[in-house]
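One letter stands for each residue in the lines below.
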Amino acid sequence: MQILDGRALSKKIEEKVSQEVKNLKSTCGCTPGLAVVLVGQDPASAAYVNMKKKACDRAGFYSITHDMPESISQEAIEKTIVMLNNDTNVDGILIQLPLPEHIDTTKLLELVDPAKDVDGFHPFNVGRLATGLDGFVPCTPLGVMELLREYNIDVKGKNCVVVGASNIVGKPMAALLLNANATVEICHIFTDDLKKHTLAADVVLVGVGVINLITEDMVKDNVVIIDIGVSRTPEGKLVGDVDFENVSKKSSYITPSPGGVGPMTIAMLLSNTVKAAKMNAKKLLEKSEA
Ligand code: GUN
């Protein structure tokens, strides 16, 4: 069994991103910028945003967080997004999810300029991913693909079972695997007999936030396990969706949680923001030359 070490790989990617930031600064005088919109007081969201901000600082980005109260209106958030779309210091816009119930999340995600959509949640980028075109890809599934690549795990022709069908993780994960020529199944809350599906899988990718959802009797020998879940036990310990101690004994490769996919998500956010900065710098240059 080999551990897929997301912490180590994310460090390597962060170093590469930092170098690219230095190059961008010296060649065109531009600094990649990320704006985060955070609404309300959810402690998990605040913790994620804090980690993202620290990563931006390490990489040498300009970053700004728009902290808004839970009671903020739809119109006020929309105004902020329009302002960020027009701000040339901002290359990437991230709206931390989930948003309060009175907010129309879809409308906000559609308002983000697709060229600044570093989360890959705008239908324009969702469509480009579905058709196998270049665009912005959601950070968590993109990080999973990078981990698989780092360890030379080729999913071509493999049975990959994705557990969880969210727009943030499950659906884009399945699209990426399909684009890499895997045979893909998506299981979800209404799936009858989950074990029947996972037992047939060469690769199980699970991200639903249910502690110990995947147990050793549900997987075959030498399975590859990607645990995208993060939950807190009543004792306060962070754990994934997989019974790591027992499932790891049957696995060829497995991600720990924490320390697997989580750090990769942040590394991919940095990488997507540099990609946006390069695209936006090129566009500005073309405009000034026209
Ligand atoms: N909430 C949980 N995961 C994510 C993510 O990857 N991006 C955003 N914006 N919000 C999230």
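Residues numbered from 1 in each chain as written. Predicted model: local features only at pLDDT ≥ 70, side-chain atom pairs only at ≥ 80, totals over all residues. Heavy atoms only, no water.

Draft legend 1. Examining the layout of surface pockets more closely. Estimates place the volume of the second largest pocket at around 710 Å³. Along the walls of the second largest pocket sit 31 residues, with Leu-142, Glu-146, Arg-149, Met-268 and Ser-271 positioned nearest its centre. (1 Å grid on protein atoms, 1.4 Å probe; cavity = no way out; pocket = protein on both sides within 12 Å on 5 of 7 lines; lining within 4 Å. Points joined across faces, edges and corners; volume = space filled by probe spheres on them.)

Draft legend 2. Representation of the state of the cysteines within the structure. By the definition in use, this model includes 1 disulfide. The disulfide partner of Cys-28 is Cys-30, and the S-S distance across this bridge is 1.8 Å. Between Cys-28 and Cys-30, the S-S torsion sits near -55 degrees, and that sign places the bridge as left-handed. On the basis of relative accessibility, which here comes to 42%, the residue Cys-28 falls in the partly exposed class. No disulfide involves Cys-139; its nearest neighbouring cysteine sulfur is the one of Cys-56, lying 11 Å away. In this structure Cys-139 comes out as buried when scored by relative accessible area, which is 5%. Of all cysteine sulfurs, the one in Cys-160 lies closest to Cys-187, which takes part in no disulfide; the gap is 12 Å. (Disulfide = S-S within 2.5 Å. Buried < 20%, exposed > 50% of the residue type's maximum accessible area, 1.4 Å probe, protein only.)

Draft legend 3. How the structure looks around empty space enclosed by the protein. The tally for this structure, following the rule as stated, stands at 1 cavity of 30 Å³ or more. Along its surface, the largest cavity is lined by Val-36, Val-49, Lys-52, Lys-53, Ser-63, Ile-64 and Thr-65. Residue assignment for the lining of the largest cavity shows that the elements contributing at least two residues are helix H2 (43-59) and strand S3 (62-68). Among the residues forming the lining of the largest cavity, the class breakdown is 3 nonpolar, 2 polar and 2 charged. (Helix = DSSP H or I, 4+ residues; strand = E, 2+ residues; numbered from the N terminus. Nonpolar A, V, L, I, M, F, W, Y, C, P; charged D, E, K, R; others polar.)

Draft legend 4. Representation of the side chain of Thr-255. Assignment of secondary structure puts Thr-255 in the loop between strand S11 (251-254) and helix H10 (261-289). The exposure class of Thr-255 is buried, given its relative accessible area of 1%. A polar contact of 2.7 Å, which involves the side chain of Thr-255, links it to the backbone nitrogen of Asp-227. Aside from chain neighbours lying at most four places away, what touches Thr-255 is Leu-4, Leu-147, Ile-225, Ile-226, Asp-227, Phe-244, Gly-260 and Val-261. (Polar contact = N/O pair within 3.5 Å; in protein donor to acceptor, adjacent residues only side chain to side chain. Contact = heavy atoms within 4.5 Å.)

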